[in-house]
Amino acid sequence: MKTRLWLLAGATLAMALATGCKPKGAQSALSGDAASKVYVAPGQHDEFYNIVSGGFNGQMSVVGLPSGRVFKAILPVFSVHPENGWGFSEETKPMLNTSHGFVPWDDLHHIAISTTNAEHDARWAFGNANNTPRIARVDLTTFKTVEIIEIPNSGGNHSSPFITENTEYVVAGTRFSVPTGDDASRDVPIDTYKENFKGTISFISVDKDHGDMEIAFQLEAPPFNFDLARAGKKKSHGWFFFSTYNTEMAHTLLEVNASQKDKDFIMAVNWKKAEEYIKQGKGKKVKAKYAHNKWDEDTHMATSVIKEEVLSLDPRELKDIIYFIPCPKSPHGTDTDPTGEYIVGSGKLAAIIPVFSFTKMLQAIENQDFEGSVDGMPVLRYESVLHGEVEKPGLGPLHTEFDGRGNAYTSFFVSSEVVKWNIETLQVLDRVPTFYSVGHLMIPGGPTGKPHGKYLVAYNKISKDRYLPTGPELAHTAQLYDISGDKMQLLLDFPTVGEPHYAEAFPASLIKDKQVKFFPLEKNKHPRAAKGINDARVERDGNKVHIYMTTIRSNFRPDNIEGIRVGDEVYFHVTNLEQDWDVPHGFAVKGANTAELLVMPGETATLRWDPDRVGVFPFYCTDFCSALHQEMQGYIRVSPA
Ligand code: CUK
Ligand code: CUA
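Residues numbered from 1 in each chain as written. Chains lettered and ligands numbered in written order. Predicted model: local features only at pLDDT ≥ 70, side-chain atom pairs only at ≥ 80, totals over all residues. Heavy atoms only, no water.

Asker: Looking at this model, I keep getting lost on the domain arrangement of the chain. Mind explaining?
Answerer: One frequently used descriptor of interface size is the decrease in accessible area upon assembly of the parts. We note that the domain assignment places domain 1 (2-514) and domain 2 (521-639) within the chain. Taken together, the contact between domain 1 and domain 2 spans 14 residues of the former and 16 residues of the latter. Carbon and sulfur atoms make up 53% of the surface buried where domain 1 meets domain 2, a total of about 1,100 Å² over both sides. Our enumeration of links across domain 1 and domain 2 arrives at 1 salt bridge. (Domains from an automatic or database assignment. Contact = heavy atoms within 4.5 Å. Buried area = accessible area lost by both parts, 1.4 Å probe. Salt bridge = Lys/Arg side-chain N within 4 Å of Asp/Glu carboxyl O.)

Set out below in structure tokens:
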């Protein structure tokens, strides 16, 4: 109770901060060299790529560090994007297919950059869809979403996409436990939550060479809420750690009912053990409907396949997969340090930070040092696994990142600050305010075995009065700190796109020279490509009309099209014949109930148009492409049915 009162006081304090009671000049008088540390001169490149989640915009954004410059405000993932036709072109629509049909929006919280030997290799960026559970994979040579897999038996996909040290697996833990199985087992009273609802953790394998994902297996877990997770690394490779809350198993008014217990759990999963069971054929096939969507690099078309079952393991019967570590007060983040020895829990209602030791955990398991069990799965004793507690660190710890020099940095939502502490000694070393309520932190390479501990970015919510106001909705903010010295130093504020939850950053040198500049026309396998102006034509097939169209500076062919009738389904298959970097052409036609197309050099994209009236309609190029861009146009004539 005492803690709760303190927390309320903390909340009031945070509100005071958020409403701007804090003296305005605070942290605005930056020391003289701050500007020069973030200044990237015109024509120069940033040191790091920073891939940032857009939260409720369902997208990612691409930012340079240390400048904070935005290279790609929207990298489309789970939401349609009219700017380039993502989710509007016929080729991309299947990417947003799910077992519920086309779902053109989602809520993307976390980014994971692929790793090898626990270091960023930056081949792919993964992102999660919270609402209609999905995981996406973005190819970092094209900055295109190339695969989306739906996660069945889940009711929210917040606990993802966290990856193992060689990107063997991406995991997805369900936030909401839900009833699973056939219609009869899903149609149950909500107040039978404890008996009928299930928590599910999915292990999605990632092909080493091509990145293709498959749901390797699912684990049936108790009906808790799963929050964040981190893989073990190095010495703890083979394990995964998930934070859980609502171990009270409440199904109503969680605010109160899920904050009863003093401790929830970090769930430790021995996935190597789970793999053994799978090899021994202990997995059972269960019905689970989900979509698996892939981008084909040859045709530049997406395909969506609906799958019907997954392999499931029941860790209540199959021993030694799951152990629970008690963790105070509704843990949110769980983070493992670069050595893989320490596991940091962050009880968002706690006043300490517990740090667990992997070595002690293994000992406790070996000694069967258990204080109880949940559904037959052992609960380890808190004291046996604890390395120690960081005392009085702040209010409302959420997320922790590491600098590779033995220090950890934890965000405090309620007290709006970043606190630096030493992992071995657990001493608080420094603290800096954030403006205001910070969620995630990010250090380039921070979640890996090799952090580049030079900068830290705090991603803040409720950033009142940091920027010129824009009506009731204000920009969220990122704040960049120099963490190379003993004391953290605020260098820069920059607004973010959407709501930034997690982000990762990696050295630009990893991918900058691997960028695809254009797609070779001779490799274009799109079945409706027109690979030269002589291929440009119109073909009718019943009421479907296929227009094989080419674009090159500065014309469309064909550009005068007749013979179309009201009621026809018209498909413009636009091939961009350019073979040069950064010369896309766009395509839009009047009255089309869709977006434009933005077609990259060498690529074919298709826009569907259902003409609803008689007339002659203009179409034009939407992307400024040459001095004669404004000449890039055409007409299509529609006659009565
Ligand atoms: S969450 Cu946003 S502050 Cu969705 Cu990772 Cu913790
Ligand atoms: Cu092509 Cu403008």
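Asker: Please clarify how the sheet that holds strand β33 (residues 489-495) should be interpreted in this entry.
Answerer: As a general point, the strands of a sheet are linked pairwise by backbone hydrogen bonds and lie either parallel or antiparallel. Within the open sheet, the 4 strands sit side by side as β30-β31-β32-β33. Their pairing is antiparallel. In the strand order of this sheet, the two ends are held by β30 (437-442) and β33, each with one partner. Put simply, the sheet's adjacent strands are angled 25° from each other on average, direction ignored. Taken together, the 6 bridges between strand β31 (residues 455-461) and strand β32 (residues 477-482) define a ladder with antiparallel strand orientation. Across the sheet, residue Val-457 finds its bridge partner in β32, namely Leu-480. (Pairing = 2+ DSSP bridges. Helix = DSSP H or I, 4+ residues; strand = E, 2+ residues; numbered from the N terminus. Axes fitted to C-alpha atoms, helices over the stretch in contact; angles between N-to-C directions.)

Asker: Is there a simple way to think about the pairing of β32 in this case?
Answerer: On a regular strand, each side chain points to the face opposite its neighbour's, so the side chains alternate between the two faces of the sheet. Summarising burial for β32: 6 of the 6 residues are buried, a large majority. Of the two faces of β32, both are covered, the one formed by Thr-477, Gln-479 and Tyr-481 as well as the one formed by Ala-478, Leu-480 and Asp-482. Pairing of β32 with β33 involves 6 bridges; the strand directions are antiparallel. Along β33, the bridge assignment pairs Asp-482 with Gln-489. Count of turn residues in the β32/β33 antiparallel hairpin: 6 residues. (Buried < 20%, exposed > 50% of the residue type's maximum accessible area, 1.4 Å probe, protein only.)

Asker: Help me understand the pairing of strand β27 (residues 407-412), please; the structure alone is not making it clear to me.
Answerer: Of all 6 residues in β27, 6 are buried; the element is thus mostly enclosed. What you see with β27 is no split at all: Asn-407, Tyr-409 and Ser-411 on one side and Ala-408, Thr-410 and Phe-412 on the other are buried throughout. The pairing of strand β26 (residues 397-402) with β27 spans 4 bridges and is antiparallel. Opposite Phe-402, over in β27, you have Ala-408 as the bridge partner. In sequence, β26 turns back onto β27 through a hairpin of 4 residues, with Gly-404 there showing a positive phi of about 80°. Where β27 meets strand β28 (residues 417-422), 6 bridges bridge the pair, whose relative direction is antiparallel. For Ala-408, the partnering residue across the bridge sits in β28 and is Trp-421.

Asker: Any chance you could explain the packing of aromatic side chains here in plain terms?
Answerer: The description of an aromatic ring pair uses the distance of the two centres, along with the angle that the planes make with each other. One pass over the full model with this rule turns up 27 aromatic pairs. Ring centres of Tyr-169 and Trp-271 lie 5.2 Å apart, and the angle between their planes is 75°; on these two criteria the pair is classed as edge-to-face. Of the two residues, Tyr-169 is situated in strand β11 (residues 169-173) and Trp-271 in helix α6 (residues 271-279); the sequence distance between them amounts to 102 residues. Grouping residues by exposure puts Tyr-169 and Trp-271 together as buried. Every member of this aromatic cluster is reached through a ring pair, and the members are Tyr-169, Phe-203, Phe-217, Phe-240, Phe-242 and Trp-271. Cation over ring: Lys-273 sits above Tyr-277, and NZ or CZ is 5.7 Å from the ring centre. (Phe/Tyr/Trp six-rings, centres within 6.5 Å; stacked < 30°, edge-to-face > 60°. Lys NZ or Arg CZ within 6 Å of the ring centre and 35° of its normal.)

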